[in-house]
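Descriptive structure summary
Here's the letter readout for the chains.
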Amino acid sequence: MFREFVDTLAFKELTPERFDEAASKLFIELVQSDVAVEVAEGIIGDLRSKVVGQRIQRGRSVKEFLESELRATLQEVFERAGWIDLEKLAMEQARQKGVFKVIFLGPNGHGKTTTIGKLSYRFSKKGLRVLIAAADTFRAGAIEQVSQIASLAGAGVFSMGYGADPAAVAYEAVERARRGGYNVVMIDTAGRMHTKKNLMDEMKKIIRVVEPDFKIFVGDALTGNDAVEMARSFHSEVGIDGSIVSKFDADVKGGVVVSLVYVTGRPVLYVGTGQRLEDLEPFDYKSFIDSVLSF
Ligand SMILES: Nc1nc2c(ncn2[C@@H]2O[C@H](COP(=O)(O)OP(=O)(O)O)[C@@H](O)[C@H]2O)c(=O)[nH]1
Ligand SMILES: [Mg+2]
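Since the structure is predicted, the reported quantities are computational estimates derived from the model, not experimental observations.

Let us now look at the packing of helix α2 (residues 16–32) against helix α3 (residues 37–51). Two numbers describe a pair of packed helices, the interaxial angle and the distance between the axes. Running from amino to carboxyl end, α2 crosses α3 at an angle of 150°, the nearest separation of the two axes being 10 Å. It follows that α2 is roughly antiparallel to α3 by the angle criterion. Read as a crossing pair, α2 and α3 show a hand that is right-handed. Contacts between α2 and α3 involve P16, F19, D20, A23, L26, F27, L30 and V31 from the former and V37, A40, E41, I43, I44, L47, R48 and V51 from the latter.

As structure tokens, then:
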């Protein structure tokens, strides 16, 4: 009895009403940071089921309490997805299997080819020999672009020209890599076909033929929900292992990272921070959460 009385003095219960009132502001904060609306709804829903009914110390505001719980919820989203040191994985697998095969997926213009150049550059500096498979045989200029990027990054290129079957290019590139003593094959793909179904079918075919060790989605931070929708499609059609978010140097709030991780359950490994080869940084979710929740 006495205990209960002390409790009502010391604590207040977080009722659904109190939660909804305070959470509507957090929801707006998330959306203003470019988190996709449905993802912000999902996160607030997760938060709701976790905290409604909890007792908050009197003197502590509901807002403060929810902010710290939201931080913890976001941390869980990132922790569940895990993090992978791709350079380490590439080195281990190249040692074990001879060639580590990575495929890059994502919409046209989101930064796949540029990102391949940046990663090749990082890998080359670690002593890995990288061969880039020019399997975007669709877009005009794609092969010239990849050749130029490869030569800057210290990587080789394998191409069979425009109009070639992308799966054949990827397959032959892996063969070439095995014979040529390369450690890593990075498969560049087209981001657009005549229809989305054609695109997905083509990606599935490449994946069936080369059985990549790692599938990376590349999404442009500036496009917001567009990148998230495409990531969802790629993930449900072929399954991705992680994402890289490009154009983080532009004035972005970064919520697209939260959306990608939430929707795919896979980590963001790096962010692109410019157009130069050096402009790729391993992604650190802890400092990122601080910047998204700027309260
Ligand atoms: N500012 C900036 N531009 C980028 C970044 N990544 C790619 N880009 C640019 O985005 C454009 C499209 O990139 P590209 O690699 O061709 O995209 P793809 O069609 O997916 O292969 C190019 O002009 C790149 O220079 C980045 O991290 N920051
Ligand atoms: Mg490209």
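Moving on, there is more to tell.
Before going further, it helps to examine the site of ligand 1. Lining the immediate environment of ligand 1, one finds 18 residues, of which G109, K112, T113, T114 and D249 sit closest. The backbone of G111 places a nitrogen or oxygen atom 2.9 Å from an oxygen atom of ligand 1. Take R139: an N or O atom from its side chain is 3.1 Å from an oxygen atom of ligand 1. Calculation on ligand 1 without its partners gives an accessible area of 580 Å², and the protein chains cover 82% of this total. Ranked by residue count, the leading element in the shell around ligand 1 is helix α6 (residues 112–125), at four residues. A breakdown of the residues in the shell around ligand 1 according to their chemical character gives one nonpolar, twelve polar and five charged.

Right, let's get into the domain arrangement of the chain. Interface size, as often reported, equals the accessible area lost upon joining of the parts. Looking at the assigned domains, one finds that the chain contains domain 1 (2–81) and domain 2 (86–292). Computed from C-alpha coordinates alone, the two centres of domain 1 and domain 2 are separated by 37 Å. Taken together, the 17 residues of domain 1 in the interface contact 22 residues of domain 2. Both faces combined, the contact of domain 1 with domain 2 buries some 1,700 Å², and carbon together with sulfur accounts for 65% of it.

This brings us to the UniProt feature "domain: SRP54-type proteins GTP-binding" (unreviewed entry) in the chain. Under the UniProt annotation, "domain: SRP54-type proteins GTP-binding" (unreviewed entry) lies at residues 267–280. The span residues 267–280 shows a helical share of 0% and a strand share of 43%, and its end C-alpha atoms are spaced 16 Å apart.

Turning our eyes to something else, we now look at α2. Side chains that are three or four residues apart share a direction in an α-helix, a result of its 3.6 residues per turn. Spanning 17 residues, α2 covers 24 Å between terminal C-alpha atoms, matching the ideal 24 Å at 1.5 Å per step. Bending of α2 peaks at approximately 30° at the position of A23. Those residues of α2 not exposed but buried are F19, A22, A23, L26 and L30.

Within strand β8 (residues 242–246), five of the five residues are buried, which leaves the element mostly enclosed by the surrounding structure. Relative to β8, strand β7 (residues 214–220) runs parallel, the two being bridged by five bridges. Bridge assignment links F217 to a residue of β8, and that residue is S243. With helix α10 (residues 225–237) bridging β7 and the parallel β8, this β-α-β connection has right-handed handedness. At this point the chain moves from β8, through helix α11 (residues 255–264), to the parallel strand β9 (residues 268–272), and the crossover so formed is right-handed.

Turning our attention to the pattern of salt bridges. The full count for this structure, using the stated rule, is 14 salt bridges. Note that K50 is salt-bridged to E76, the shortest N-O span being 3.4 Å. Of this pair, K50 sits in helix α3 while E76 sits in helix α4 (residues 62–81), and the two are 26 residues apart along the sequence. The class for K50 is partly exposed, based on a relative accessible area of 31%. Residue E237 is joined to K204 by a salt bridge in which the shortest nitrogen-to-oxygen separation is 2.7 Å. Here E237, found in helix α10, pairs with K204, found in helix α9 (residues 196–210); they are 33 residues apart in sequence, far enough to count as distant. For E237, a relative accessible area of 37% gives the class partly exposed. Residue K204 is classed as partly exposed on the basis of its relative accessible area of 30%.

Moving on: the packing of α3 against α4. α4 packs onto α3 with a crossing angle of 115° between their chain directions and a minimal axis gap of 10 Å. The element α3 and its partner α4 pack so that their crossing is right-handed. Residues I43, D46, L47, K50 and V51 of α3 form the contact with α4, whose own contacting residues are F65, L66, E69, L70, A72, T73, L74 and E76. Among the residues forming the contact of α3 with α4, the class breakdown is eight nonpolar, one polar and four charged.

Rules and cut-offs
For every chain, the first residue of its written sequence is number 1, and the numbers climb from 1 along that sequence. Written order decides the labels, with chains lettered from A and ligands numbered from 1. Where local features are concerned, this predicted model is filtered to residues with pLDDT of at least 70; where side-chain atom pairs are given and counted, the filter is 80 or more; whole-chain, interface and lining totals use all residues. By convention in this description, side-chain values take in all heavy atoms of the structure and omit both hydrogens and water. Here an axis means a line fitted to C-alpha atoms, over the contact stretch when the element is a helix, while the angle between two N-to-C directions is reported on a 0 to 180 degree scale. Numbering of helices and strands starts at the N terminus; helices are DSSP runs of H or I of at least 4 residues and strands are runs of E of at least 2. Each angle gets one of four labels, with under 35 degrees taken as roughly parallel, over 145 as roughly antiparallel, 65 to 115 as roughly perpendicular, and the rest as oblique. Rotating anticlockwise by less than a right angle from the far helix to the near helix defines a left-handed crossing, while the corresponding clockwise rotation defines a right-handed one. We call two residues contacting when some pair of their heavy atoms lies within 4.5 Å. Throughout this document, a residue counts as near a molecule or strand when at least one of its heavy atoms sits within 4 Å of that molecule or strand. Two N or O atoms form a polar contact when they lie within 3.5 Å of each other; inside protein one atom must be a possible hydrogen donor and the other a possible acceptor, and for residues adjacent in sequence the pair counts only when both atoms belong to side chains. Per-residue and other accessible areas follow the Shrake-Rupley method at a 1.4 Å probe size, with only the shown protein chains counted as cover for residues. Residues are grouped as follows: nonpolar covers Ala, Val, Leu, Ile, Met, Phe, Trp, Tyr, Cys and Pro; charged covers Asp, Glu, Lys and Arg; every other residue, Gly included, is treated as polar. Residue ranges labeled as domains rest on an automatic or database domain assignment. Note on terms: buried area is the combined drop in 1.4 Å-probe accessible area of two parts once they are placed together, counting the loss on both. UniProt positions are given in the numbering used here, feature names are shortened, and annotations may be inferred rather than shown by experiment. By this rule the span expected of a helix is its residue count minus one, scaled by 1.5 Å. Bend, in this description, refers to the angle at a residue between axes fitted to the seven residues ending there and the seven starting there. Per-residue accessibility, obtained with a 1.4 Å probe over protein chains only, is compared with the maximum for each type, and a residue is labelled buried under 20%, exposed over 50%, and partly exposed between these values. Each pair of strands is called paired provided DSSP finds at least two bridges between the two strands. Viewed with both strands pointing away, a crossover whose connecting path from the first strand over the helix to the second turns clockwise is right-handed. Note on definitions: salt bridges are taken to be side-chain nitrogens of Lys or Arg within 4 Å of carboxyl oxygens of Asp or Glu.

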